[in-house]
Amino acid sequence: MTNTGMQFGIFTVGDVTVDPTTGRAPTEAERIRATVAIAKKAEEVGLDVFATGEHHNPPFVPSSPTTLLGYIAAQTERIQLTTATTLITTNDPVKIAEDYSVLQHLADGRVDLMLGRGNTGPVYPWFGKDIRAALPLTVENYQLLRRLWREEVVDFTGEYRTPLHGFTLAPRPLDGVPPFVWHGSIRTPEIAELAAHFGDGFFANHIFWPASHTKRMVQLYRRRFEHYGHGGADQAIVGLGGQVFLRPNSQDAVNEFRPYFDNAPVYGHGPSLEEFSAQTPLTVGSPQQVIDKTLSFRDYVGDYQRQLFLVDHAGLPLKTVLEQLDLLGGHVIPVLRKEFAIGRPAHVPGAPTHESLLAAARHSEIQEAS
């Protein structure tokens, strides 16, 4: 595999949606099993990352990401497992720290996570939280999560939870190295600021908004990353979402995907497929069209580290999704790896992995000792 410094993968939101061409929706059990099959296929075709969302309401099924990822970890060997949001606002930071430490050990370190606030307002009272405190909850919970992973004994007093006195996380992170954290956001500058402050990754959803919006968010994060002394702006760790549907012939792709687009809960009954494709990163067409559109992302975000595509939503049947992965793995990703490597400066870091984080930690220890 050519090392471009980038990771390519897919993310799922785990929706259970009626297939508009058949009128049938999968059962929840079918959708969960299909998600596992999709993750295994992603590894088989050479993708680097599989990510699951976290939702606690119908019509979604991934309410327990670590359960799903732990099951997938047992059936895969190489692919990086992550989330396309872990809810930092409504999950207890102690439980997040425990769950992802266990998952790290089970998956031999093939784990990171993306923190976010989610997009479902009612989730806050379901878990005893107040949505009006969403941003301060995010900051306080993340500050605690960082300490739980990095300190042997934690004393903590905050505004939104009972205090901790002499708490020690069990198990400790694998090799003493916490999972890498991405902060995901569609539109919130404060999240870009939080990621920059701690030198973490910033993931721009990049699905529903125009390129100009994503450009502003990523530029803000890069400036603030440099401001906080973590490195140059071009060394900040950036991930992007994306959305594709492809067939060898572009018109076949458009004709096949149109009924799914027109009826999709998230954007159906609004702008046409052509309008949406022109105004957002959605690409429906041939492998070459997907390659060209994806390569254009670098023009406005710079060299980045992770590209994830949404391929399994809106009622698309499993057979179709697996065909999408064959096309991505066989015709798109190899070209993207090669093209993204061209002109990539040597000082721009690659996507963080457990191995790279462990090496950095040991290097830092040696420097401190000397």
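Note that the structure is predicted; figures quoted are calculated from it, not measured.

Rules and cut-offs
Residues numbered from 1 in each chain as written. Predicted model: local features only at pLDDT ≥ 70, side-chain atom pairs only at ≥ 80, totals over all residues. Heavy atoms only, no water. Salt bridge = Lys/Arg side-chain N within 4 Å of Asp/Glu carboxyl O. Helix = DSSP H or I, 4+ residues; strand = E, 2+ residues; numbered from the N terminus. Buried < 20%, exposed > 50% of the residue type's maximum accessible area, 1.4 Å probe, protein only. Pairing = 2+ DSSP bridges. Right-handed = clockwise from strand over helix to strand, strands pointing away. 1 Å grid on protein atoms, 1.4 Å probe; cavity = no way out; pocket = protein on both sides within 12 Å on 5 of 7 lines; lining within 4 Å. Points joined across faces, edges and corners; volume = space filled by probe spheres on them. Nonpolar A, V, L, I, M, F, W, Y, C, P; charged D, E, K, R; others polar. Core = buried A, V, L, I, M, F, W, Y, C linked by side-chain atoms within 4.5 Å. Contact = heavy atoms within 4.5 Å. Polar contact = N/O pair within 3.5 Å; in protein donor to acceptor, adjacent residues only side chain to side chain.

Caption draft 1: Focus on the pattern of salt bridges. This structure, assessed with the given rule, holds 20 salt bridges. Close ionic contact of E44 with K41 constitutes a salt bridge, the shortest N to O distance being 3.4 Å. A residue pair is termed a helical-turn pair when its members lie 3 or 4 positions apart in one helix, as E44 and K41 do in helix α1 (residues 28-44) at 3 residues. On the accessibility criterion, E44 (61% relative accessible area) is exposed. Accessibility expressed as a relative area gives 14% for K41, which makes it buried. Put simply, E274 and R258 hold a salt bridge, and the shortest N to O gap is 2.6 Å.

Caption draft 2: A look at the pairing of strand β2 (residues 49-52). By the alternation rule, side chains of β2 split into V49 and A51 and F50 and T52, which are all buried. Pairing geometry for strand β1 (residues 7-12) and β2, over 4 bridges, is parallel. If you follow F11 over to β2, its bridge partner there is A51. At this point the chain moves from β1, through α1, to the parallel β2, and the crossover so formed is right-handed. Both β2 and strand β3 (residues 80-83) contribute to a ladder of 4 bridges, which runs parallel. Bridge assignment links T52 to a residue of β3, and that residue is T83. Once the chain exits β2 it traverses helix α2 (residues 65-73) before rejoining the sheet at β3, and the crossover so formed is right-handed.

Caption draft 3: View of the layout of surface pockets. Put simply, the second largest pocket is a space of about 450 Å³. Residue assignment for the lining of the second largest pocket shows that the elements contributing at least two residues are α5 (134-150), β8 (180-185) and α12 (354-369). Looking at the lining of the second largest pocket residue by residue, the class counts come to 12 nonpolar, 3 polar and 3 charged.

Caption draft 4: Representation of the nonpolar core. Ranked by size, the top nonpolar core spans 94 residues in total, and within it I10, F50, Y221, F257 and L328 carry the most contacts. Considering each element in turn, this core owes the most residues, 8 residues, to helix α11 (residues 318-341). If we skip the residues at most four places from it in the chain, L328 touches I10, L246, F309, V311, I333 and P334.

Caption draft 5: Summary view of the sheet that holds β1. Read across the open sheet, the 9 strands follow the order β3-β2-β1-β13-β10-β9-β8-β5-β4; overall the sheet is parallel. The two strands at the open ends of the sheet, each matched to only one other strand, are β3 and β4 (86-87). Pairing between strand β10 (residues 238-240) and strand β13 (residues 306-310): 2 bridges, direction parallel. Within β13, the position partnered with L240 by the bridge is Q307.

Caption draft 6: Quick peek at the side chain of R247. As for its placement among the helices and strands, R247 is situated in the loop between β11 (244-246) and α8 (250-263). Among the polar contacts made by the side chain of R247, one reaches the side chain of E323 at a distance of 2.8 Å. Contact partners of R247, with chain neighbours within four places excluded, come to D252, A253, E256, G285, S286, P287, T320, E323, Q324 and L327.

Caption draft 7: Fine view of unusual backbone geometry. P58 connects to P59 through a cis peptide bond whose omega is 5 degrees. One can find P59 in the loop between β2 and α2. Following A170, the chain continues into P171 via a peptide bond in cis, with omega recorded as 0 degrees. Phi at D108 takes a positive value of approximately 55 degrees, unusual for a residue other than glycine. Looking at the element boundaries, D108 is found in the loop between α3 (93-106) and β5 (112-116). Judged by its relative accessible area of 59%, D108 is exposed. Although it is not a glycine, A314 sits at a positive phi angle of roughly 65 degrees. By secondary structure assignment, the location of A314 is in the loop between β13 and α11.

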